[in-house]
Amino acid sequence: MTSALNWLLGLDALRPGMEGVEFGFERPLPAWAWALVTLAAVFVAWRAYRRLEGAITARFALGFLRAALLVLVAVLIAGPRLIKPNETEERDWLIVLADRSASMTVRDAARPTSAERIAREAQLAATLAETREVWRRLADDRVVLWLGFDSGAFELPASAEGPLPDLGDPIGRRTAIGRALEQALRRAAARPVSGVVVLSDGRSADDVPRAVTRRLEAERIPVFAVPLGADEPLPDLAVREVDAPRTAFVRDAVPVEVDLEQLGAPDAARAHGAVVELIDTDTGAVLDSKEVDWRDAQGADAAGARASARVVLTTRPARAGATKWSVRVRPGPGAPPDLIDDNNSADFAIELVDRPVRVLAIDGYPRWEYRFIKNLLVREQSISAAVMLLAPGRRYLQEGSIILDTLPRSPEEWAQFDLVLIGDVWPGVFTPEQLAMLRERIAIGGAGLIWIAGEGSTPGAWAGTAMADLLPFALPERAAAARAGSALPTFGGPVLMRPTLAADRLGVLRLADEPSAEAEGLYWPAALSSPATGWSMLYWAQRIDPAILKPTAEALAVAVPVENGAPVNDGGTFPLVLSMRYGAGRSLYVATDEIWRWRYGRGDFLPERFWVQMIRLLGRESLARSGKPALLEITPRRGEVDRPAQIELTLLDQALVESAPATMRVRIVREGSVDERAAPGTTPDDAATTELVLTSRAGVGSTGAGAARTYSATWLPTASGRYRIDASDPLIASAGGLSVRAEVWQADDEMRTPQTDHALLARLAESTGGRVLAPGDLSQLLDPNVLPKRRLRLAGEPDIETLWDTPLALILVMLLLTTEWAWRRLLKFA
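The shown structure was predicted, so the numbers you read here are calculated from the model rather than taken from an experiment. (Residues numbered from 1 in each chain as written. Predicted model: local features only at pLDDT ≥ 70, side-chain atom pairs only at ≥ 80, totals over all residues. Heavy atoms only, no water.)

Let's shift gears to the overall build of the protein chain. Secondary structure assignment for the protein chain yields 20 helices and 39 strands. Here the protein chain holds 830 residues, and 50% of them are scored as buried. For the protein chain, the computed accessible surface area is about 38,800 Å², with 53% contributed by carbon and sulfur atoms. (Helix = DSSP H or I, 4+ residues; strand = E, 2+ residues; numbered from the N terminus. Buried < 20%, exposed > 50% of the residue type's maximum accessible area, 1.4 Å probe, protein only. Areas by Shrake-Rupley, 256 points an atom, 1.4 Å probe, with all protein chains shown as cover.)

Below, the structure written as structure tokens:
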């Protein structure tokens with residue numbers, strides 16, 4: 001019976017009575033239209049049989065058949081059919097963004113049961129574990145998409161325990177909440193998103209893009225922020241950079257310059273200051289320490305968001321050899337604990353040499369300054385010197401511990417000196433070749449040079465010579481033409497000397513044992529800042545116009561004119577002591593020859609400190625290259641990711657220069673990688689090392705056959721970390737090998753600013769109609785008034801079986817027609 005009915009109705013897949021199957025019309029008519037169709041059919045049937053003769057019952061029956069046929073035709077025209085709608089329901093999505101950056105390791109989150117602070121990562125893990133049932137119920141009702149994020153969003157693998165994911169370790173060095181949100185919404189494109197949960201400390205290198213905010217607002221997607229870590233940012237001290245010489249002399253006053261920074265400190269924390277110490281890593285001894293007052297630091301603001309300070313620590317090492325020192329900063333007495341300990345110290349290596357500084361001092365006549373310097377160089381045990389008076393007739397007088405038959409005439413003879421001191425001497429006493437070799441010794445060999453101004457020849461007579469480039473200022477044109485006299489004007493009266501911060505940074509002009517308030521905290525005796533003593537004034541000094549200074553020159557001291565017994569405040573614009581780097585060396589220019597006058601104050605103490613500190617500064621820099629066949633350098637030693645660094649390899653040994661190829665190679669290894677720990681002779685992993693080809697170029701001051709040879713290349717670091725650069729060329733390896741270390745920072749490395757930023761999370765939640773939830777309030781997400789339901793019903797293509805073209809429809813039409821015709825014939829109506 002069922003199969004026969006299906007055949008009559010022409011049914012294939014659908015059946016009457018099946019779940020979801022409905023009867024309908026392809027061209028449906030309203031009820032009133034069907035009423036009109038029925039009346040019209042009755043009217044037509046009545047018109048057809050009302051005038052025929054016969055029994056009324058027969059005419060009524062035939063009229064009924066006619067009306068039924070017309071109504072049936074109308075039904076078939078409307079297109080009867082069976083239809084089954086195909087609808088699917090898509091569950092809404094809940095996106096969960098979990099912070100996986102390195103700042104999650106910071107221990108500033110409060111432990112509920114004690115005053116001890118725990119890491120933000122531990123707080124996150126505890127929060128998820130405590131709300132496991134909440135996440136299970138959410139996963140039963142919704143699609144929960146777990147994403148981790150640092151500089152971008154990424155999927156977190158499912159955990160075997162469920163419903164929580166495997167978070168992994170927080171290792172990202174940069175957080176970008178805005179970019180992570182954008183990528184998360186892209187992953188859920190065209191999906192019904194009911195909300196976004198952000199589990200983070202709020203620290204981000206970017207803002208949320210306006211396009212993302214507009215989409216969240218337009219689609220009414222609320223963001224629920226769950227702030228982790230301390231509610232208020234805690235202060236953090238950091239050692240940002242340490243600048244120290246790589247080599248120094250034993251018993252030398254070695255300066256170590258330290259850049260410090262304090263972040264996120266309120267006024268109360270800043271008032272306690274900090275203590276920075278220089279420590280011998282081998283013995284643990286504190287070599288020097290200083291207190292830092294953040295209220296007077298550079299960049300300090302009212303909110304205490306950031307303050308920086310530069311401190312110079314000084315020590316006099318007594319033990320020779322390679323050693324390691326460390327700089328450490330800690331909060332001052334009474335200050336709150338520091339946020340991160342890892343950035344509170346920095347280690348560096350230094351090589352200490354126990355030998356005297358070798359000095360060649362040359363002057364033109366026995367002036368007072370020459371006599372004092374000569375006696376100083378002769379009696380100072382830490383200095384070996386050759387002191388010469390040279391007259392234009394090439395007659396000379398010589399004193400000191402080093403005896404010379406004549407002026408150095410070869411690069412090897414010049415190389416025995418760490419420092420050359422040139423007084424008021426006529427350049428004609430040197431041959432052009434000697435001056436060129438001296439220039440190369442400074443530019444390539446790293447030797448130091450001190451000029452002492454004079455009324456006769458320095459600096460004017462040196463214009464046009466090979467040494468003119470080593471003057472820290474450009475000589476006036478008239479001096480270049482005349483090449484006679486000092487060529488610079490002098491002050492019309494006495495002046496006082498005032499040191500600058502640049503001098504303190506280099507560890508020179510530190511003539512007092514304690515900082516002086518009169519000298520802006522520098523180590524400068526108050527007596528030298530006052531003309532009342534008389535002996536503090538310098539009665540002859542050259543007046544150097546700052547406009548003629550060379551770009552790399554910096555003033556270590558300025559002249560303060562004295563008029564009517566009082567210093568004149570003219571802004572201190574005229575330099576009195578100048579410094580300029582030239583190639584690998586340094587040139588100092590002292591624009592007076594009356595430092596000897598300070599002897600009237602405290603004997604030889606003040607002028608001796610003045611000159612010895614300068615001599616030791618230049619000696620240290622020369623020592624870095626002394627006795628080395630080659631030198632490998634990187635500039636800067638502390639750089640940033642995607643910022644170019646210059647790597648230079650300079651061959652100093654003539655045997656290496658003569659056999660040097662056109663290119664050299666260096667190997668750059670990220671310390672701590674598999675390559676760095678590999679045994680010698682193993683094949684390095686290409687992913688952890690970089691081979692760089694250095695090309696040859698002429699060095700500054702090179703003079704032909706005896707010239708050093710320099711190779712250079714630009715390196716673009718792509719990842720942060722500590723790197724070791726090794727000279728991998730066999731030529732250098734045969735000479736003992738060379739290595740240098742560098743540190744690379746991500747410019748926006750969040751560990752440089754590790755404080756929380758809960759305000760950003762609050763703004764994000766407020767702008768999207770969400771809310772800020774405490775870690776213990778995540779159960780609120782189960783409330784549909786808090787987290788709306790956004791399920792979608794999707795209508796697919798329905799299943800349709802038509803009934804107007806079936807055998808049953810044809811049978812009914814034929815049956816009505818045949819019955820009416822047969823009755824008409826029988827009743828003789830036709």
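All told, the structure shown has 40 salt bridges when counted by the stated rule. Put simply, Glu-26 and Arg-27 hold a salt bridge, and the shortest N to O gap is 3.9 Å. Residues participating in the shared-partner salt-bridge network are Asp-92, Asp-141, Arg-142 and Lys-789. (Salt bridge = Lys/Arg side-chain N within 4 Å of Asp/Glu carboxyl O.)

For helix α11 (residues 432-443), which comprises twelve residues, the first-to-last C-alpha distance of 16 Å matches the rise-based estimate of 16 Å (1.5 Å per residue) to within 8%. In terms of residue burial, α11 counts as a mostly covered element, since ten of its twelve residues are buried. Listed in full, the buried residues belonging to α11 are Gln-434, Leu-435, Ala-436, Met-437, Leu-438, Arg-439, Glu-440, Arg-441, Ile-442 and Ala-443. (Expected span 1.5 Å × (residues − 1).)

With that out of the way, let us pick up the pairing of strand β35 (residues 721-727). Counting buried residues along β35, five of its seven residues qualify, which places the element largely inside the surrounding structure. Here five bridges tie strand β32 (residues 663-670) to β35, and the two strands are oriented antiparallel to one another. Looking across to β35, one finds that Arg-670 is bridged to Tyr-723. Pairing analysis gives six bridges linking β35 to strand β36 (residues 739-745), with the strands arranged antiparallel. Paired with Arg-724 across the bridge in β36 is Arg-741. (Pairing = 2+ DSSP bridges.)

With that settled, the discussion passes to the packing of helix α2 (residues 31-49) against helix α3 (residues 56-78). Relative to each other, α2 and α3 sit at 145 degrees, their axes nearing to 8 Å. Judged by the twist between their axes, the crossing of α2 over α3 is right-handed. Counting all contacts with α2, which are made through Trp-34, Val-37, Thr-38, Ala-41, Val-42, Val-44, Ala-45, Ala-48 and Tyr-49, the residues of α3 involved are Arg-59, Leu-62, Gly-63, Arg-66, Ala-67, Leu-70, Val-71, Ala-74, Val-75 and Ala-78. (Axes fitted to C-alpha atoms, helices over the stretch in contact; angles between N-to-C directions. Left-handed = near helix turned anticlockwise from the far one by under 90°. Contact = heavy atoms within 4.5 Å.)

Ordered in space as β1-β2-β39, the three strands form an open sheet in which the pairing is antiparallel. The open sheet has two free edges, formed respectively by β1 (22-25) and β39 (799-802), since each of these has just one partner strand. Each adjacent strand pair in this sheet contributes to an overall mean axis angle of 35 degrees, direction not counted. Where β1 and strand β2 (residues 80-84) come together, four bridges link them in antiparallel fashion. Looking across to β2, one finds that Glu-22 is bridged to Ile-83.

With that settled, consider the packing of aromatic side chains. Summed over the entire model, instances satisfying the criterion amount to 14 aromatic pairs. Note on Phe-491 and Phe-574: the rings are 5.8 Å apart at their centroids and 90 degrees apart in plane angle, and the pair reads as edge-to-face. Of the two residues, Phe-491 is situated in the loop between α12 (477-482) and β24 (495-499) and Phe-574 in the loop between β26 (566-567) and β27 (575-582); the sequence distance between them amounts to 83 residues. On the basis of relative accessible area, Phe-574 is assigned to the buried category, the value being 13%. Each member of the aromatic cluster is reached from another via a ring pair, and the members are Trp-524, Trp-598, Phe-610 and Trp-611. Between Arg-371 and the ring centre of Trp-368, over which it is positioned, the NZ or CZ distance is 4.9 Å. (Phe/Tyr/Trp six-rings, centres within 6.5 Å; stacked < 30°, edge-to-face > 60°. Lys NZ or Arg CZ within 6 Å of the ring centre and 35° of its normal.)

Now for α2. The end-to-end C-alpha separation of α2 is 27 Å, in line with the 27 Å expected for 19 residues at 1.5 Å each. When α2 is considered as a whole, its buried residues turn out to be Ala-33, Trp-34, Ala-41, Ala-45 and Tyr-49. An end-on view of α2 places all buried positions within 135 degrees of arc, on one side of the element. What points out from α2, more than 90 degrees from its buried face, is the exposed set Trp-32 and Leu-39. (Arc of directions from axis to C-beta.)

The strand order across the open sheet formed by five strands is β12-β18-β17-β14-β15, and the pairing between neighbours is mixed. A strand with exactly one partner marks an edge of an open sheet, and here the two such strands are β12 (247-249) and β15 (286-292). For this sheet, the mean angle separating the axes of adjacent strands, direction not counted, is 30 degrees. With respect to the sheet, helix α15 (residues 605-623) is in contact with β12 and β18 (345-353), its orientation differing from that of β12 by roughly 135 degrees.

In this section: unusual backbone geometry. Outside of glycine, negative phi angles account for most residues, and trans bonds account for most peptide bonds. With an omega dihedral of 15 degrees, the bond running from Thr-458 to Pro-459 counts as a cis peptide bond. With respect to the helices and strands, Pro-459 occurs in the loop between β23 (448-452) and α12. Residue Pro-636 is reached from Thr-635 by a cis peptide bond, and omega for that bond is -5 degrees. By the secondary structure assignment, Pro-636 is in the loop between β29 (630-635) and β30 (638-640). Here the phi dihedral of Arg-220 falls at roughly 55 degrees; this positive angle occurs in a residue that is not glycine. For Arg-220, a relative accessible area of 64% corresponds to the exposed category. Residues other than glycine seldom take positive phi values, yet Leu-509 does so here, at roughly 55 degrees. Inspection of the secondary structure puts Leu-509 in the loop between α13 (501-506) and β25 (554-563).

Examined against the element boundaries, Asp-252 turns out to sit in the loop between β12 and β13 (254-263). Discounting chain neighbours no more than four positions away, the residues touching Asp-252 are Thr-315, Arg-316, Pro-317, Arg-616 and Arg-620.

This part is about the environment of Arg-100. Tracing the backbone through its elements, the reader meets Arg-100 in the loop between β4 (93-99) and β5 (107-110). Judged by its relative accessible area of 1%, Arg-100 falls in the buried class. Once the C-alpha coordinates of Arg-100 and Gly-148 are considered, the two residues, 48 residues apart in sequence, prove to be 5.9 Å apart. Discounting chain neighbours no more than four positions away, the residues touching Arg-100 are Glu-121, Leu-124, Gly-148, Phe-149, Asp-150, Phe-154, Leu-167, Gly-168, Asp-169, Pro-170, Ile-171 and Gly-172. A distance of 2.7 Å separates the side chain of Arg-100 from the side chain of Glu-121, its partner in a polar contact. (Polar contact = N/O pair within 3.5 Å; in protein donor to acceptor, adjacent residues only side chain to side chain.)

With that out of the way, let us pick up a nonpolar patch on the surface. On the surface, Phe-43, Val-44, Trp-46 and Leu-70 cluster together into a nonpolar patch covering about 380 Å² of accessible area. For the nonpolar patch, the element with the most residues is α2, which contributes three residues. Here Phe-43 lies in helix α2. Its relative accessible area of 47% is what places Phe-43 among the partly exposed residues. (Patch = residues over 30% accessible without salt bridge, like charges linked within 9 Å, V, L, I, M, F, W, Y side chains within 5 Å.)

Turning next to the confidence of the model for the protein chain. The predicted model of the protein chain has a mean per-residue pLDDT of 84, with 90% of residues at 70 or higher. Every residue in residues 699-706 scores below 50 in pLDDT, and together they form 15 contacts with partners more than four places removed in sequence or on other chains. (pLDDT = per-residue confidence, 0-100.)

So, on to the nonpolar core. Ranked by size, the top nonpolar core spans 94 residues in total, and within it Ile-450, Met-467, Met-497, Tyr-589, Trp-598, Phe-610 and Trp-611 carry the most contacts. Take this core: its biggest share by element is nine residues, from α15. Setting aside chain neighbours within four positions, we find Trp-598 in contact with Met-497, Leu-511, Trp-524, Leu-528, Trp-535, Ser-536, Leu-538, Gly-603, Leu-606, Pro-607 and Phe-610. (Core = buried A, V, L, I, M, F, W, Y, C linked by side-chain atoms within 4.5 Å.)

Once that is clear, we can look at the side chain of Ser-382. Within the secondary structure layout, Ser-382 lies in the loop between α9 (368-379) and β20 (383-390). Among the polar contacts made by the side chain of Ser-382, one reaches the side chain of Arg-616 at a distance of 2.4 Å. Among all residues touching Ser-382, those that are not within four sequence positions of it are Pro-356, Val-357 and Arg-616.

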